[in-house]
Amino acid sequence: LQYNSFEDPRCEGYLEDGRTGMSPSTLKRAFLNNLFYVQGKFKALATPNDYYMALAYAIRDRLLQRWINTAAIYTAQGSRTVAYFSAEFLMGPHLGNNLINLDIYKDVEKGIAEMGLNLGELLEQEEEPGLGNGGLGRLAACYLDSLATLEIPSLGYGIRYEFGIFDQEIEDGWQVEITDKWLRFGNPWEIARPEWAVEVKLGGHTDHYVDDHGRYRIRWVPDQQVTGIPYDTPILGCQTNTANTLRLWTAEAPESFNFNAFNSGDYLGAVYEKVVSENISKVLYPNDDSSQGKKLRLTQQYFFVSCSLQDMIRILVGQELPLEKFHEKFAVQLNDTHPAIAVAELMRLLIDMHHMSWDSAWSITQRTFAYTNHTLLPEALERWPVELFGSLLPRHLEIIYELNDRFLDEVRIKFPEDDSRLSRMSLIDESGERYVRMAHLACVGSHAINGVAALHTELLKQDVLYDFYQMYPGKFQNKTNGVTPRRFMVLSNPALTELVTSKIGDTWIKNLGELQKLEAWADNPEFQQQWRQIKQANKQELAAYIQKHNGIIVDPNSIFDILAKRFHEYKRQYLDLLHIVTLYNRIKANPDIEITPRTFIFGGKAAPGYFMAKLIIKLINSVADVINRDPDVRGRLKVVFLKNYNVKLAQRIYPAADLSEQISTAGKEASGTGNMKFALNGALTIGTLDGANVEIREEVGAENFFLFGLTAEQVYAKRASGYNPMEYYNSNAELRLALDRIASGFFSHGDTELFKPLVDSLLHHDQYFLLADYQSYIDCQEQVGLAYRDQDRWTHMSILNAARMGKFSSDRSIQDYCREIWKVEPVTITLENSEVTDS
Ligand code: OAK
């Protein structure tokens with residue numbers, strides 16, 4: 001043992017040995033020990049992955065003391081705890097983030113360099129845990145970071161998918177999906193806890209019977225059972241000792257389950273059962289903002305929810321608290337409706353398993369749950385055919401029917417003689433085939449319902465959840481999303497972090513509002529110069545990445561105009577393309593035209609079954625092929641599609657962006673969070689009045705935001721009065737030329753069929769009002785080009801954008817949730833050699 005407590009002030013006051021020490025010498029020794037004893041390698045044979053693993057284990061050791069102390073103190077104090085239920089956690093790589101939060105990034109970088117290695121290269125080795133699709137999953141990850149940083153007792157509960165979001169390859173311009181084998185080389189960040197495994201029932205039927213005491217009871221007789229094994233990952237807060245837990249469940253066949261089959265010699269039959277069980281946590285459904293209605297998906301949802309609630313009851317009982325205090329011990333947040341089955345499951349556990357009365361169980365349930373809605377798109381609202389639902393969860397269906405009877409009685413009392421309201425609000429859609437409506441279940445079973453940006457919450461109240469707002473106005477709240485500045489600034493943009501810190505100190509990292517102090521520097525020529533140089537260097541790095549991966553040379557002096565997010569028609573990547581084709585047409589018509597050089601960068605995945613989204617990816621790549629090669633363009637325009645957009649790539653992209661494209665049809669994007677990450681890194685936004693763009697613009701000032709397009713209200717009005725996209729096509733020559741160019745086969749080797757579905761959808765439907773917003777977008781982009789020519793003005797705007805992002809820290813969001821929904825308080829974790837640590 002080495003006692004280094006006095007070498008480093010951060011280690012003061014607690015035992016420091018070879019597995020906890022933060023001094024460079026101790027870290028180095030730990031690294032080399034792990035290379036030898038964990039990886040079984042010496043330097044000559046070690047691969048970059050061996051080095052990554054050796055470092056990851058050294059850092060994990062440094063988390064463990066904090067993690068164990070955190071658990072011990074929460075247990076001893078019986079702390080009120082947030083349980084964040086989410087089918088997705090898009091965590092991104094852990095190592096770099098843990099180095100930042102432990103505040104040892106630079107020391108480790110130096111120590112690693114002294115051994116002739118490069119930290120950046122080791123970080124690249126980490127397989128990203130991509131257990132989410134996009135916004136909703138990444139938000140959950142940012143919230144875990146903030147919960148730990150704010151020292152709030154919390155658990156993230158979800159699914160340990162064996163395959164996360166697919167890897168995207170591009171072949172001949174088309175997206176191709178490859179399975180994401182993220183666990184291939186092992187995962188140093190998780191610890192399996194088989195001792196806390198739980199059993200989950202599926203299928204079968206229910207038995208109604210009278211027990212030995214003459215009481216009426218209901219028993220669920222399942223026809224399948226699976227075991228949930230928890231895998232825990234520590235979630236360290238920034239510059240605090242708190243290390244909370246992300247607990248993800250893996251499905252396995254119960255040991256006893258195939259016993260009979262084995263005994264009867266049906267080996268393959270027994271193995272088959274095992275395979276069926278393990279399928280449950282096999283793969284993440286790759287749909288963003290849409291629901292497929294597959295039984296396996298409902299099984300996944302029920303599986304992780306049941307595991308988690310049973311786990312929480314175990315924790316409660318372990319702390320000798322009565323079940324009646326469930327809602328005092330836990331505040332459960334439902335991340336959209338994916339975990340909404342929890343409402344019925346908690347009722348079942350309390351009533352059937354723990355013999356509580358209906359009324360007590362319902363009171364506890366409603367006080368436990370709160371529901372966040374993340375979408376206004378009708379296709380994303382989850383509903384399950386009653387038959388499918390009943391075949392998997394027969395007891396839950398009974399409970400939902402009973403809940404519905406009681407709920408509709410309440411509606412009748414509040415709104416007498418209103419049958420259409422009853423059918424609109426029912427938990428069961430009976431307008432045709434019968435469905436269970438998960439959003440309704442979530443609304444009824446929760447004490448709080450929130451949207452994720454001010455506009456979104458208003459639209460929920462006026463439209464999607466209008467009846468529920470009338471029924472329960474007091475339940476509705478807004479909680480505007482936020483992002484963690486640790487990952488999306490400190491880790492991903494070290495140069496800017498250092499510049500900012502040199503001027504205003506480093507407390508902004510945990511109190512983002514302090515960035516406001518940068519406003520004083522917005523017109524300082526020297527500061528502006530430094531700000532620009534950093535952006536330039538970040539752009540050069542991205543340019544090198546583009547050259548390496550796409551073979552395209554781009555000009556770091558051009559505007560880096562970036563659209564990076566999932567592909568969806570409402571997000572309007574296609575509108576960006578229409579702008580590109582318009583600029584190209586102008587050049588072709590007049591090769592000497594003055595155009596501010598731009599590099600258009602796209603990134604994002606399309607759901608594998610989403611034909612139109614995949615065709616837009618193909619169109620981007622096809623347009624890129626033509627424009628990038630055309631000598632008339634003289635390099636003034638470049639188009640780049642970066643494949644496999646994920647958290648790692650996002651971290652490279654935000655710091656290098658000049659212009660952030662946030663161009664969804666107003667009223668469609670619930671919030672957006674990429675918009676916040678871009679602005680935090682000094683990109684200016686071109687955007688519609690949609691989602692959180694509205695609030696971003698309010699914060700940064702209208703003069704520092706490029707606004708275009710119809711408002712949500714105008715979109716509704718236009719739709720109501722009969723929108724005809726053809727009118728725009730006929731009356732706008734540039735628009736017509738752009739669409740005709742695409743339709744003519746110019747970008748598809750003469751093939752006029754390939755992009756026809758895209759062109760036709762705009763001309764005949766244009767569900768998302770691209771043509772209505774086209775001219776406004778083109779004009780606004782003109783303003784962007786002009787603004788960029790005045791570098792002092794642009795830099796001034798860029799600084800103010802970053803300086804005014806304080807509101808969009810996920811720390812602020814989490815503080816709002818804590819105060820207004822969860823009613824939880826921070827708990828300080830100490831590292832002293834307390835009794836709990838010794839025992
Ligand atoms: C995914 C599946 C179903 C429903 C919603 C989603 C989703 O990702 N929604 C997104 O959530 C983000 C976080 O709140 C928002 O910023 C995005 O606007 C929203 O589309």
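Note that the structure is a prediction, hence the values are computed from the model and not measured. (Residues numbered from 1 in each chain as written. Predicted model: local features only at pLDDT ≥ 70, side-chain atom pairs only at ≥ 80, totals over all residues. Heavy atoms only, no water.)

*Asks:* Explain the nonpolar core here, please?
*Replies:* The tendency in soluble globular proteins is for nonpolar side chains to be buried side by side. Ranked by size, the top nonpolar core spans 113 residues in total, and within it Phe85, Leu309, Phe389 and Trp822 carry the most contacts. The leading source of residues in this core is helix H9 (residues 295-318), at 11 residues. For tryptophan 822, the contacting residues outside a window of four places in its chain are Arg80, Val82, Tyr84, Leu147, Ala331, Gln333, Ile814 and Tyr817. (Core = buried A, V, L, I, M, F, W, Y, C linked by side-chain atoms within 4.5 Å. Buried < 20%, exposed > 50% of the residue type's maximum accessible area, 1.4 Å probe, protein only. Helix = DSSP H or I, 4+ residues; strand = E, 2+ residues; numbered from the N terminus. Contact = heavy atoms within 4.5 Å.)

*Asks:* Honestly, the packing of helix H11 (residues 342-353) against helix H12 (residues 358-368) in this entry has me stumped. Any pointers?
*Replies:* Packed helices, taken two at a time, are described by the angle their axes make and the gap between the axes. It is the contact of H11 with H12, at a shortest axis distance of 9 Å, that shows an interaxial angle of 140°. In terms of axis orientation, H11 runs oblique to H12. Handedness of the crossing formed by H11 with H12: right-handed. Residue-level contacts link Val343, Leu346, Met347, Leu350 and Ile351 of H11 to Trp358, Ala361, Trp362, Ile364, Thr365 and Thr368 of H12. (Axes fitted to C-alpha atoms, helices over the stretch in contact; angles between N-to-C directions. Parallel < 35°, antiparallel > 145°, perpendicular 65-115°, else oblique. Left-handed = near helix turned anticlockwise from the far one by under 90°.)

*Asks:* Sorry, what's going on with the packing of helix H1 (residues 24-37) against helix H2 (residues 48-77) here?
*Replies:* Following both chains from N to C, one finds H1 and H2 inclined at 125°, their axes separated by 8 Å at the closest point. Taken together, the axis directions place H1 and H2 in an arrangement best described as oblique. For the crossing formed where H1 meets H2, the hand is right-handed. Between H1 and H2, the residues in contact are Thr26, Leu27, Ala30, Phe31, Asn34 and Leu35 and Asp50, Tyr51, Ala54, Leu55, Tyr57, Ala58, Ile59 and Arg62, respectively. A per-class count over the contact of H1 with H2 returns 10 nonpolar, 2 polar and 2 charged. (Nonpolar A, V, L, I, M, F, W, Y, C, P; charged D, E, K, R; others polar.)

*Asks:* What is the right way to look at empty space enclosed by the protein in this model?
*Replies:* Where empty space is left in the structure can be found by rolling a water-sized probe over the atoms. Counted by the stated rule, this structure contains 7 cavities of 30 Å³ or more. As a volume, the largest cavity reaches approximately 860 Å³. In terms of lining residues, the largest cavity is bounded by 48 residues, among which Asn133, Gly134, Gly135, Leu136 and Asp288 are the most central. Of all the elements in the fold, those that place two or more residues in the lining of the largest cavity are helix H6 (135-149), helix H24 (647-653) and helix H25 (674-680). Among the elements that take part in the lining of the largest cavity, H6 stands out by supplying 4 residues, more than any other. Class assignment of the residues belonging to the lining of the largest cavity gives a composition of 15 nonpolar, 18 polar and 15 charged. In terms of domain composition, the lining of the largest cavity takes at least three residues from each of domain 1 (81-92 + 128-166 + 187-284 + 296-450) and domain 2 (485-710 + 776-809). The wall of the second largest cavity is formed by 14 residues, among which Met91, Asn97, Asp145, Ile235 and Arg487 lie closest to the centre. Of all the elements in the fold, those that place two or more residues in the lining of the second largest cavity are helix H3 (95-102), H6 and strand S11 (224-236). Here the lining of the second largest cavity gets 4 residues from one element, more than from any other, and that element is H6. (1 Å grid on protein atoms, 1.4 Å probe; cavity = no way out; pocket = protein on both sides within 12 Å on 5 of 7 lines; lining within 4 Å. Points joined across faces, edges and corners; volume = space filled by probe spheres on them. Domains from an automatic or database assignment.)

*Asks:* Quick question: what am I supposed to make of the state of the cysteines here?
*Replies:* Each disulfide consists of one covalent bond between the sulfur atoms belonging to two cysteines. As enumerated under the stated definition, the model contains 0 disulfides in all. Here cysteine 142 stays unpaired: no disulfide links it, and the sulfur of cysteine 238, its closest cysteine neighbor, is 13 Å away. (Disulfide = S-S within 2.5 Å.)

*Asks:* Whenever I open this one, the packing of aromatic side chains confuses me. Can you help?
*Replies:* To describe a pair of aromatic rings, you give the distance between the ring centres and the angle between the ring planes. The final tally for this structure, using the stated rule, is 25 aromatic pairs. An angle of 20° between the planes, with centres 6.0 Å apart, marks the rings of phenylalanine 31 and tyrosine 51 as stacked. Residue phenylalanine 31 is found in helix H1, and its partner tyrosine 51 is found in helix H2; the two are separated by 20 residues along the sequence. Taken as a pair, phenylalanine 31 and tyrosine 51 share a single burial class, namely buried. Note on phenylalanine 36 and tyrosine 37: the rings are 4.9 Å apart at their centroids and 70° apart in plane angle, and the pair reads as edge-to-face. Each member of the pair, phenylalanine 36 as well as tyrosine 37, carries the same accessibility label: exposed. Taken together, Tyr84, Tyr143, Tyr817 and Trp822 form an aromatic cluster joined through their ring pairs. For arginine 421, the ring lying beneath its charged end belongs to phenylalanine 415, and the centroid distance is 3.7 Å. Directly above the aromatic system of phenylalanine 488 lies the positively charged group of lysine 677, at a separation of 4.3 Å from the ring centroid. (Phe/Tyr/Trp six-rings, centres within 6.5 Å; stacked < 30°, edge-to-face > 60°. Lys NZ or Arg CZ within 6 Å of the ring centre and 35° of its normal.)

*Asks:* Just to check I follow, could you spell out the domain arrangement of the chain for this structure?
*Replies:* Frequently, the measure chosen for interface size is the accessible area that the parts lose on association. Segmenting the chain into domains produces domain 1 (81-92 + 128-166 + 187-284 + 296-450) and domain 2 (485-710 + 776-809). Here the C-alpha centre of domain 2 lies 38 Å away from the C-alpha centre of domain 1. On the domain 2 side, the residues contacting the 21 residues of domain 1 number 20 residues. Interface area for domain 1 against domain 2, summed over the two sides, is near 1700 Å², with a carbon-plus-sulfur share of 57%. Contact with domain 2 buries surface across domain 1, with Glu128, Phe166 and Leu377 losing the most and accounting together for 34% of the total. Ionic pairing is found between aspartate 145 and arginine 486, a salt bridge with its closest N-O pair at 2.9 Å. The interface formed by domain 1 and domain 2 includes 10 residue pairs in polar contact (both at pLDDT 80 or more). A per-element tally of the side of domain 1 that touches domain 2 places H6 first, with 6 residues. (Buried area = accessible area lost by both parts, 1.4 Å probe. Salt bridge = Lys/Arg side-chain N within 4 Å of Asp/Glu carboxyl O. Polar contact = N/O pair within 3.5 Å; in protein donor to acceptor, adjacent residues only side chain to side chain.)

*Asks:* Just to check I follow, could you spell out the layout of surface pockets for this structure?
*Replies:* Taken as a whole, the largest pocket spans an internal volume of roughly 1200 Å³. Lining the largest pocket are 40 residues, and of these Tyr105, Val490, Leu491, Ser492 and Pro494 lie nearest its centre. When residues of the lining of the largest pocket are traced back to their parent elements, those giving at least two are H3, helix H4 (105-114), helix H5 (119-125), helix H19 (485-491), helix H20 (494-504), helix H21 (525-550) and H24. Residues belonging to the lining of the largest pocket are distributed by class as follows: 17 nonpolar, 10 polar and 13 charged.

*Asks:* In this structure, what is going on with helix H32 (residues 791-803)? I would like to understand it.
*Replies:* Turn by turn, an α-helix covers 3.6 residues, leaving residues three or four places apart pointing in a common direction. In this model, H32 (13 residues) spans 18 Å end to end at C-alpha, consistent with the 18 Å of a helix rising 1.5 Å per residue. Among all positions of H32, only Trp794, Thr795, Met797, Ser798, Ile799, Leu800, Asn801, Ala802 and Ala803 are buried. (Expected span 1.5 Å × (residues − 1).)

*Asks:* What am I meant to see in the site of the ligand here?
*Replies:* In the vicinity of the ligand, 17 residues are found, and the nearest of them are His374, Asn481, Glu669, Ser671 and Gly672. Contacts to the ligand include histidine 374, whose side-chain N or O atom sits 2.6 Å from an oxygen atom. Asparagine 481 is positioned such that a nitrogen or oxygen atom in its side chain is 2.8 Å from an oxygen atom of the ligand. Look at the ligand: alone it shows 460 Å² of surface, and the protein chains cover 96% of it. Here the ligand is seated within the largest cavity. Residues belonging to the shell around the ligand are distributed by class as follows: 5 nonpolar, 8 polar and 4 charged. Split by domain, the residues of the shell around the ligand number at least three in each of domain 1 (81-92 + 128-166 + 187-284 + 296-450) and domain 2 (485-710 + 776-809). (Near = heavy atom within 4 Å. Areas by Shrake-Rupley, 256 points an atom, 1.4 Å probe, with all protein chains shown as cover. Sits in = over half its atoms within 2 Å of the grid points.)

*Asks:* Where do I start with the pattern of salt bridges in this structure?
*Replies:* Pairing between side chains becomes possible if they bear opposite charge and their charged atoms approach one another. The full count for this structure, using the stated rule, is 55 salt bridges. Lysine 282 serves as the salt-bridge partner of glutamate 162, at 2.9 Å between the closest nitrogen and oxygen. In this pair, glutamate 162 is assigned in the loop between strand S4 (154-159) and strand S5 (167-171) and lysine 282 in the loop between helix H8 (267-279) and H9, connecting sequence segments 120 residues apart. Accessibility expressed as a relative area gives 33% for glutamate 162, which makes it partly exposed. Several salt bridges converge on common partners, so that one network encompasses Arg193, Asp232, Arg247, Asp311 and Arg314.

*Asks:* Can you walk me through the side chain of asparagine 49 in this structure?
*Replies:* Mapped onto the secondary structure, asparagine 49 falls in helix H2. Leave out the neighbours within four places in its chain, and asparagine 49 touches Gln125 and Phe185.

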